[in-house]
Amino acid sequence: MAKYRIAWLPGDGIGKDVLDATKIVLERLKLDAEYIPGDIGWEFWCKEGDPLPERTIQLVKNTDCAMFGAITSKPSTVADTELLPELRGKGYVYRSPIVRIRQEFDLYICKRPCRAYQGNPLNYKENIDIVVFRENTEDLYAGVEFYPVPEEFFRIKGMERVPKDAAISLKVNTPKGCERIIRAAFEFARTNNRKKVTCVHKANVVRATDGLFLKIFNEIAKEYPGLEADNANVDSLCQWLLKRPFNYDVLVAPNLYGDIISDLCAQMVGGLGFGASANIGDDYALFEPTHGSAPKYAGMYKVNPIATIIAARMMLEWLGEEGLAQSLEKAVESVIREGKVRTYDMGGNATTLEMAQAIADKIGG
Ligand code: IPM
Ligand code: MG
C-alpha cells in the first residue's frame, strides 16, 4: 500500500498536459503515492448532465488530497446547448465543478503564492513575493441567486425600491467564514516570517459584508502584535499593487476580490504559467494551477506546466513532505534562473514535458 492516495483529476483541455508533466516530477521525487484518476469537467456535463459525477465525489472522499488540472466554465445559457439532446430540458443546471468541490468539501482557504522567480523573463518587477489568501466558500460565490426574483422578496422592508425585473446575486459572508480565512492568513504570516498582512475589502461602500470582514480582521490582528496589519479598498489596492508591489506581503480577501487580485498578482510574476492554488480545508486539500483549460492548446503539450508543478509543491508541504517540497522548489528555481529551458510563454520552444523533464533532472535521482 502506498503512503498516500491522491485523486488525479485532469479535467478539460490542457489539464491532462499539465498533470502529465507534474507526474514526471512527482515520480522523480519518489513520492510514495498512488494516483487514482477521476472524471470531472465539460465532457461529463455534455454526456451525463453533471461535470462532477457522484463517483468523483466518492473518489475525493476516499483519498488524502487531489491534484486537479483545468476546467472549462461557461455561462449556463451556453452550457445547456451542449448537453446531449436526450438530456436537454430535463432540469440539469450547470455549476462550475471546481467551485462545487471547494464548497462541498469546505476547502475554505485558497492560497495563491505569487513570487517573481529570479531569471523569469516575464517578471513585471523583480523581488515580488506576495501570497494571496482568498476565502473560498462564500461571498458572491455562495450561489444564492434569483432571476426572476420571487414576489415574496419584495415584501421584505427595504426591498420595495428594487425594480421588479432585477436579477439578484447575494453576497453572503459569515463571521465564521471571515474568521477562519483571516486567521489562516495571519498564522501563515507568523510561521513563515512574513512582515505584514493586508485586508482587501470595499467596506466604504459594501458596508454589511465587507464591513464584517474588516471588523473581524481588525480584531484578529490584535492577537498578532508582531505583524503589521494593514487594509485597503480593493480598487485602490489594484493601483498600489502595480505601483509598489514590494509593499505587499500577505493579502487576505473575500472570495471575489481574492479571485480578481490573485490574477493581477499572478500576472506580475509571469502570468498563467506561474499562478498556482492550494484549496485547503481542515482535512482535505485540492491543488491546481490557477489558469483555465486553454482548449486551443489541448493535447499539444505546449503550455507551461510550472504553475501546476508549484501546486504540487504546495501539496507536498500540506502532506508534511517538507524535504521533497524543498527539493522541488529548488529545482524549479534553478531551471528558471538558468533560462535554458523555456516554454513558449517565456519566449522559448520547450514543450510541456521537456520543461517537466528539465525540472526533474535538477532533482536528480
Ligand atoms: C479561479 C477561477 C475559478 C473561480 C473559475 C474557473 C470558476 O477563476 O480558480 O480563480 O472563479 O474561482
Ligand atoms: Mg480566477
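Residues numbered from 1 in each chain as written. Chains lettered and ligands numbered in written order. Predicted model: local features only at pLDDT ≥ 70, side-chain atom pairs only at ≥ 80, totals over all residues. Heavy atoms only, no water.

Labelled according to an unreviewed UniProt entry, the protein appears under the name 3-isopropylmalate dehydrogenase, originating from candidate division WOR-3 bacterium 4484_100. Under Sequence similarities (unreviewed entry), UniProt gives the following word-for-word description of the protein: "Belongs to the isocitrate and isopropylmalate dehydrogenases family." (UniProt positions renumbered as here; feature names shortened; annotations may be inferred.)

K.L.:
Could you give an account of the overall build of the protein, naming the residues involved and the relevant values?
P.N.:
Looking only at helices and strands, one finds 12 helices and 12 strands in the protein. The C-alpha radius of gyration computed for the protein amounts to 21 Å, which stays within 12% of the reference 21 Å derived for 365 residues, consistent with globular compactness. Principal axes of the C-alpha set define a box for the protein whose edges measure 70 × 60 × 40 Å. The buried share of the protein, reckoned over its 365 residues, is 52%. Taking contacts inside the protein between residues at least 6 apart in sequence as the whole, the part at least 24 apart equals 77%. Summed over its atoms, the accessible surface of the protein is roughly 16,600 Å², and 52% of this surface lies on carbon and sulfur atoms. (Helix = DSSP H or I, 4+ residues; strand = E, 2+ residues; numbered from the N terminus. Rg over C-alpha atoms; globule rule 2.2 N^0.38 Å. Buried < 20%, exposed > 50% of the residue type's maximum accessible area, 1.4 Å probe, protein only. Contact = heavy atoms within 4.5 Å. Areas by Shrake-Rupley, 256 points an atom, 1.4 Å probe, with all protein chains shown as cover.)

K.L.:
Please give an account of the packing of aromatic side chains that cites residues and values.
P.N.:
Under the counting rule described, the total for this entry stands at 10 aromatic pairs. Between the aromatic rings of Trp42 and Tyr94, the centroid separation amounts to 5.2 Å while the plane-to-plane angle is 65 degrees, which identifies the pairing as edge-to-face. On the criterion of sequence distance, the pair formed by Trp42 in helix α2 (residues 42-48) and Tyr94 in the loop between α4 (76-81) and α5 (97-104) is long-range, its members being 52 residues apart. Measuring from ring centre to ring centre gives 5.2 Å for Trp45 and Tyr94, while their planes differ by 80 degrees; the resulting arrangement is edge-to-face. Of this pair, Trp45 sits in helix α2 while Tyr94 sits in the loop between α4 and α5, and the two are 49 residues apart along the sequence. The burial state of Trp45 is the same as that of Tyr94; both residues are buried. Over the ring of Trp8 we find Lys23, and its NZ or CZ is 4.9 Å from the ring centre. For the cation-ring pair, Lys196 lies above Tyr248, with the distance from its terminal atom to the ring centre recorded as 5.5 Å. (Phe/Tyr/Trp six-rings, centres within 6.5 Å; stacked < 30°, edge-to-face > 60°. Lys NZ or Arg CZ within 6 Å of the ring centre and 35° of its normal.)

K.L.:
Kindly report on the pairing of strand β11 (residues 276-280), identifying the contributing residues and their values.
P.N.:
Each regular strand carries side chains that alternate between the two faces of the sheet. Burial within β11 is extensive, with 5 of its 5 residues counted as buried. Two elements, strand β4 (residues 109-115) and β11, share 3 bridges in a ladder whose sense is antiparallel. Its bridge partner lying in β11, Ile109 is registered against Ile280. From the end of β11 to the start of strand β12 (residues 285-289), which pair antiparallel, there are 4 residues. (Pairing = 2+ DSSP bridges.)

K.L.:
Explain the nonpolar core residue by residue, including any values.
P.N.:
A general trend in soluble globular proteins is that nonpolar side chains are found buried together. Residues Ile6, Phe133, Ile182, Val252 and Ile359 are the most contacted members of the largest nonpolar core, which totals 66 residues. For this core, the leading source of residues is helix α10 (residues 306-319), giving 9 residues. When residues no more than four places from it in sequence are discounted, the contact partners of Val252 are Phe133, Ile181, Ile182, Ala185, Val197, Thr198, Cys199, Val200, Phe213 and Phe217. (Core = buried A, V, L, I, M, F, W, Y, C linked by side-chain atoms within 4.5 Å.)

K.L.:
Break down the site of ligand 1 for me, citing the residues and quoting the values.
P.N.:
Around ligand 1, a shell composed of Ser73, Ser96, Val99, Arg102, Arg112, Arg134, Tyr141 and Asp259 is seen. In this structure, an oxygen atom belonging to ligand 1 sits 2.9 Å away from a side-chain N or O atom of Arg134. Residue Asp259 places a side-chain N or O atom 2.8 Å away from an oxygen atom belonging to ligand 1. Taken by itself ligand 1 offers 320 Å² of open surface, and the protein chains cover 76% of this. Partitioned by chemical class, the residues of the shell around ligand 1 number 2 nonpolar, 2 polar and 4 charged. (Near = heavy atom within 4 Å. Polar contact = N/O pair within 3.5 Å; in protein donor to acceptor, adjacent residues only side chain to side chain. Nonpolar A, V, L, I, M, F, W, Y, C, P; charged D, E, K, R; others polar.)

K.L.:
Any details on the environment of Leu319? Residues and values, ideally.
P.N.:
Mapped onto the elements, Leu319 comes out in helix α10. Classification of Leu319 by relative accessible area gives buried; the value is 16%. Sequence separation of Leu319 and Asp64 is 255 residues, and the distance between their C-alpha atoms is 8.6 Å. Sequence-distant contacts of Leu319, defined by excluding residues within four places in its chain, comprise Tyr4 and Cys65.

K.L.:
Break down the pattern of salt bridges for me, with residues and values.
P.N.:
Pairs may arise between side chains of opposite charge once their charged atoms sit close together. Tallying each qualifying case throughout the model produces 29 salt bridges. A salt bridge links Glu321 to Lys3; its shortest N-O distance comes to 3.1 Å. Residue Glu321 is located in the loop between α10 and α11 (322-338), and its partner Lys3 is located in the segment before β1 (4-11); the two are separated by 318 residues in the primary sequence. A relative accessible area of 17% means that Glu321 is categorised as buried. Judged by its relative accessible area of 54%, Lys3 is exposed. The residue Arg190 makes a salt bridge to Glu187 at a minimum N-O spacing of 2.7 Å. Residue Arg190 and its partner Glu187 are both found in helix α6 (residues 175-191); the two are separated by 3 residues, about one turn of the helix. Residue classification places Arg190 among the partly exposed residues on the basis of a relative accessible area of 48%. A relative accessible area of 29% places Glu187 in the partly exposed class. If you follow the salt bridges from partner to partner, you end up with Arg115, Arg313, Glu317, Glu329 and Glu333 in one network. (Salt bridge = Lys/Arg side-chain N within 4 Å of Asp/Glu carboxyl O.)

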